[in-house]
Amino acid sequence: MGRKRLITDSYPVVKRREGPAGHTKGELAPELGEEPRPLSVDEAELELLRQFDLAWQYGPCTGITRLQRWHRAEQMGLEPPPEVRQVLQTHPGDPRFQYSLWHVYPL
C-alpha cells in the first residue's frame, strides 16, 4: 500500500498576504476619495443607547423601556451610565429612543 493521501495533495497550500496597514479583517474599506461622514447627534445618541441595550451587566432589556431598565439597574447598584438617562429624558415621546433594540420582536 502507498502512503496516506493528504488534502494538500489535491489542493495547493495558499499563503494569505497581510492586508494594508490599518485594515482589519471584516472591515470594509472606504471608497477611494470618500471620507467617512461624522455621525449626527441623533445617530450618536442612538448608538449610545444600542450599546446600553447590548450591555448584559444591566440585566435583560426585553419587555421594558430603556428608562425602566436604567432605573432598575440603578436601584440594584449597577451604576448605569448617566449619559444614557440624559439622552432618554431629552427624547421622552420618541419610540426610537425609549424602546430597546428588541421591542419589535414578539416575546
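Everything below is about the structure printed above this text.
As the structure is a prediction and not an experimental result, all values here were calculated from the model.

Undergrad: Before we move on, could you go through the environment of Gly59 and cite the residues and values that matter?
TA: Residue position: Gly59 is located in the loop between helix H2 (41-54) and helix H3 (66-75). Distance in space between the C-alpha atoms of Gly59 and Met76 is 10.0 Å, their sequence separation being 17 residues.

Undergrad: Can you lay out the nonpolar core for me, pointing to particular residues and giving the numbers?
TA: Counting residues in each nonpolar core, the largest one holds eleven residues, listed as Leu46, Leu49, Phe52, Ala55, Tyr58, Trp70, Ala73, Val84, Val87, Leu88 and Phe97. At the level of elements, H2, H3 and helix H4 (82-90) are the ones that each hand at least two residues to this core. When near neighbours in sequence (up to four residues on either side) are disregarded, Leu49 contacts Arg66, Val84, Val87, Leu88 and Phe97.

Undergrad: Report on a nonpolar patch on the surface, specifying residues and quantitative values.
TA: On the surface, Leu54, Trp102, Val104 and Tyr105 cluster together to form a nonpolar patch covering roughly 440 Å² of accessible area. Position of Trp102 relative to the elements: it lies in the segment after helix H5 (95-98). Judged by its relative accessible area of 37%, Trp102 falls in the partly exposed class.

Cut-offs and rules
Residues numbered from 1 in each chain as written. Predicted model: local features only at pLDDT ≥ 70, side-chain atom pairs only at ≥ 80, totals over all residues. Heavy atoms only, no water. Helix = DSSP H or I, 4+ residues; strand = E, 2+ residues; numbered from the N terminus. Core = buried A, V, L, I, M, F, W, Y, C linked by side-chain atoms within 4.5 Å. Buried < 20%, exposed > 50% of the residue type's maximum accessible area, 1.4 Å probe, protein only. Contact = heavy atoms within 4.5 Å. Patch = residues over 30% accessible without salt bridge, like charges linked within 9 Å, V, L, I, M, F, W, Y side chains within 5 Å. Areas by Shrake-Rupley, 256 points an atom, 1.4 Å probe, with all protein chains shown as cover. Salt bridge = Lys/Arg side-chain N within 4 Å of Asp/Glu carboxyl O.

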